[in-house]
Amino acid sequence: MFIAFKAKKNNKPEVQNDNPYKYAVIVAARNEELVIGQLIKSIKNQKYPKELIDIFVIADNCTDNTALVAMQEGAIVRERFNKDQVGKGYALDEMFKIIEKEYSSRKYDGYFVFDADNLLDENYIAEMNKTFNRGYRVITSYRKSKNYDQNWISAGYALWFLHEAEYLNLPRMVLNSSCAISGTGFLVHTDLIKENGGWIHHLLTEDIEFSVSQIIKGEKIGYCKSAMFYDEQPITFRQSWNQRLRWAKGFYQVFAKYGKDLVGGIFKGKRNRLSCFDMTMTIMPVLLVSCISLVTNGLFYLAGFLGLFEGKEIIDVTTSAMLRSVGGYYVLLFLVGFITTLTEWGEIHCSGWKKIAYTITFPLFMFTYLPIAIVALFKDVEWKPIAHTVVKSIDDVR
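One structure accompanies this document, and this report is about it. Predicted model only: the values in this text are computed from it and were never measured.

### Concerning unusual backbone geometry
It is generally the case that most residues other than glycine have a negative phi and that most peptide bonds are trans.
Argument step 1. At Asn31, a position not held by glycine, the phi torsion is positive, near 55°.
Argument step 2. Examined against the element boundaries, Asn31 turns out to sit in the loop between β1 (23-29) and α2 (36-44).
Argument step 3. Exposure remark for Asn31: the relative accessible area of 33% places this residue in the partly exposed category.
Argument step 4. Positive phi values are uncommon outside glycine, yet Asn176 reaches one of about 55°.
Argument step 5. Within the secondary structure, Asn176 is located in the loop between α6 (152-174) and β7 (186-189).

Written out as structure tokens, the structure reads:
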């Protein structure tokens, strides 16, 4: 956070580069007829040469009019029906192959990847193009929310993504370390997709899997803070539980598959040693240690209460330990949310009192990861779509 403060204080506009690249924008959508039109409109309203942007939509196992709406808005659309290979990664891979086969003559320099519920600031592609000119082959961006003000759940998500952008990815850039993509709103160089043989990442969290695999190879993922986009956050606890359960399970999968190589990169790697350490700490299941600690203290408290130990000291000690643990976590998470809210105040689109209120509920939102982390260990988790219903334009959000 100190590095982020310094970077914000010394923030200078990125040097203008007049080399505009040609891009394909790819959207993997499943039953998104309500929101995909607004995304395409925001892409078409970019302050960037129109002839250098093509929009591709892969309508993945849709049972609504997603494909029709996307075509009417001017996108190049393909439909995909596959009940065995389910998930965004498979849809992206199919669209990459379609572009390579049918549109290779257009010679795209890079691919943007968005979700159907996203909205782009009108300068988004122009700003990302500047960072692309600096030589980064993967770039992530600044993520804001369409529905920050709906409730404590949507605000919890949105506040974390703001923190991730400005207090994780921004300091990584300052330290010449690698950032990480987060689901949507990123740019990938065409050559990198060709080198990988398409989109080959199909774990439950294909975004972090892609990031980790590239970092192990020595790639540095960049961050463009001036490229801003919006997405929609879940508003019900059931939706949130299902989504974060998939994320938690996906992190376990990535750690199991790449953990050894990541740790090896810390000690043996010639490049990205700090990035390997960073990603190891990001995906390592340390939350389970917190869970085990709280459960252990709880069991000792119960044993003391039932008289299995002599004396009340065991009750006093375990009560104190649990209060310090929970209180300490709450204070730390509150400070993270409070500082992020203050520095990003102008980018949060809701009333002032809600901004303050949601810093208080932010730690509670993060606490709900504790049971999720435990359940994810034992439960088989499948990818499930989340309905998006917030139909807003950029002007509506602002």
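### Looking at a nonpolar patch on the surface
Argument step 1. On the surface, a nonpolar cluster with roughly 520 Å² of combined accessible area is contributed by Ile3, Val174, Leu175, Leu274, Phe277 and Met281.
Argument step 2. Turning to its location among the elements, Met281 is positioned in helix α10 (residues 273-283).

### Structural notes on the sheet that holds β1
Argument step 1. Read across the sheet, eight strands follow the order β3-β2-β1-β4-β7-β6-β8-β5 without closing on themselves; strand pairing throughout is mixed. Among the strands making up the open sheet, the edge pair consists of β3 (76-80) and β5 (119-120).
Argument step 2. Where strand β6 (residues 138-145) meets strand β8 (residues 221-231), eight bridges bridge the pair, whose relative direction is parallel. By the bridge assignment for β8, Tyr142 is matched with Met228.

### Some points on the pairing of strand β2 (residues 53-60)
Argument step 1. Counting buried positions along β2 yields eight of eight residues, so the element is predominantly enclosed.
Argument step 2. Burial of the side chains of β2 extends over both faces: Ile53, Ile55, Val57 and Ala59 are buried on one face and Asp54, Phe56, Ile58 and Asp60 on the other.
Argument step 3. Summarising the sheet, β1 and β2 pair through seven bridges and their orientation is parallel. Looking at the pairing, Ile26 lines up with Phe56 of β2.
Argument step 4. With α2 bridging β1 and the parallel β2, this β-α-β connection has right-handed handedness.
Argument step 5. Pairing of β2 with β3, which is carried by five bridges, proceeds in the parallel orientation. Directly across from Ala59, in β3, lies its bridge partner Glu79.

### Overview of the nonpolar core
Argument step 1. Ranked by size, the top nonpolar core spans 89 residues in total, and within it Val27, Ile36, Val57, Ile99, Phe112, Tyr124 and Tyr148 carry the most contacts.
Argument step 2. Discounting residues that sit within four places of it in the chain, Ile99 has contacts with Ala24, Ile26, Phe56, Ser104, Tyr108 and Tyr111.
Argument step 3. Ranked by size, the runner-up nonpolar core spans eleven residues in total, among them Ala180, Val212, Ile215 and Ile283.

### Some thoughts on the environment of Lys194
Argument step 1. Examined against the element boundaries, Lys194 turns out to sit in helix α7 (residues 190-196).
Argument step 2. Along the sequence, Lys194 and Ala376 sit 182 residues apart, while their C-alpha atoms lie 34 Å from each other.

### Considering the packing of helix α9 (residues 237-267) against helix α14 (residues 369-378)
Packed helix pairs are specified by the crossing angle of their axes together with the interaxial distance, meaning the distance between the axes.
Argument step 1. Their axes nearest at 9 Å, the elements α9 and α14 cross at an angle of 60°. Judged by the inter-axis angle, α9 sits oblique to α14. Where α9 crosses over α14, the two elements pack in a sense that is right-handed. On the side of α9, the interface is formed by Trp241, Arg244, Leu245, Trp247, Ala248, Lys249 and Tyr252, while α14 contributes Tyr369, Pro371, Ile372, Ala373, Val375, Ala376 and Leu377.
Argument step 2. Of the residues assigned to the contact of α9 with α14, the class counts are twelve nonpolar, no polar and two charged.

### Some points on empty space enclosed by the protein
Argument step 1. This structure, assessed with the given rule, holds two cavities of 30 Å³ or more.
Argument step 2. One number sums up the size of the largest cavity: a volume of about 70 Å³.
Argument step 3. Along the walls of the largest cavity sit Thr140, Ser141, Arg143, Phe161, Glu164, Ala165, Asn169, Ser182, Thr184 and Phe229, which together make up its complete lining.
Argument step 4. Elements with a contribution of two residues or more to the lining of the largest cavity: β6 and α6.
Argument step 5. For the lining of the largest cavity, the leading source of residues is α6, giving four residues.
Argument step 6. Class assignment of the residues belonging to the lining of the largest cavity gives a composition of three nonpolar, five polar and two charged.
Argument step 7. Roughly 40 Å³ of internal volume is contained in the second largest cavity.
Argument step 8. Lys144, Ser145, Tyr148, Ala158, Leu162, Glu347, Ile348 and His349 are the residues that line the second largest cavity.
Argument step 9. Listing elements by their share of the lining of the second largest cavity, those giving two or more residues are β6 and α6.

### What about the packing of aromatic side chains?
In this description, an aromatic ring pair is defined by two values, namely the gap between the centres and the angle between the planes.
Argument step 1. What the rule picks out here adds up to 24 aromatic pairs.
Argument step 2. An angle of 70° between the planes, with centres 4.9 Å apart, marks the rings of Tyr23 and Phe112 as edge-to-face. With a gap of 89 residues between them, Tyr23 in strand β1 and Phe112 in strand β4 (residues 110-115) connect regions that are remote in the sequence. Considered together, Tyr23 and Phe112 belong to a single accessibility category, that of buried residues.
Argument step 3. Here Phe112 and Phe114 contribute two aromatic rings whose centre-to-centre distance is 5.9 Å and whose plane-to-plane angle is 5°, an arrangement assigned as stacked.
Argument step 4. For Phe112, a relative accessible area of 0% translates into the label buried.
Argument step 5. Chaining the aromatic ring pairs together yields one cluster made of Tyr21, Tyr23, Tyr48, Phe112, Phe114, Tyr124, Phe132 and Phe229.

Scoring rules and cut-offs
- Residues numbered from 1 in each chain as written.
- Predicted model: local features only at pLDDT ≥ 70, side-chain atom pairs only at ≥ 80, totals over all residues.
- Heavy atoms only, no water.
- Helix = DSSP H or I, 4+ residues; strand = E, 2+ residues; numbered from the N terminus.
- Buried < 20%, exposed > 50% of the residue type's maximum accessible area, 1.4 Å probe, protein only.
- Patch = residues over 30% accessible without salt bridge, like charges linked within 9 Å, V, L, I, M, F, W, Y side chains within 5 Å.
- Areas by Shrake-Rupley, 256 points an atom, 1.4 Å probe, with all protein chains shown as cover.
- Salt bridge = Lys/Arg side-chain N within 4 Å of Asp/Glu carboxyl O.
- Pairing = 2+ DSSP bridges.
- Right-handed = clockwise from strand over helix to strand, strands pointing away.
- Core = buried A, V, L, I, M, F, W, Y, C linked by side-chain atoms within 4.5 Å.
- Contact = heavy atoms within 4.5 Å.
- Axes fitted to C-alpha atoms, helices over the stretch in contact; angles between N-to-C directions.
- Parallel < 35°, antiparallel > 145°, perpendicular 65-115°, else oblique.
- Left-handed = near helix turned anticlockwise from the far one by under 90°.
- Nonpolar A, V, L, I, M, F, W, Y, C, P; charged D, E, K, R; others polar.
- 1 Å grid on protein atoms, 1.4 Å probe; cavity = no way out; pocket = protein on both sides within 12 Å on 5 of 7 lines; lining within 4 Å.
- Points joined across faces, edges and corners; volume = space filled by probe spheres on them.
- Phe/Tyr/Trp six-rings, centres within 6.5 Å; stacked < 30°, edge-to-face > 60°.

Without other data, these values stay purely geometric and don't point to any function.
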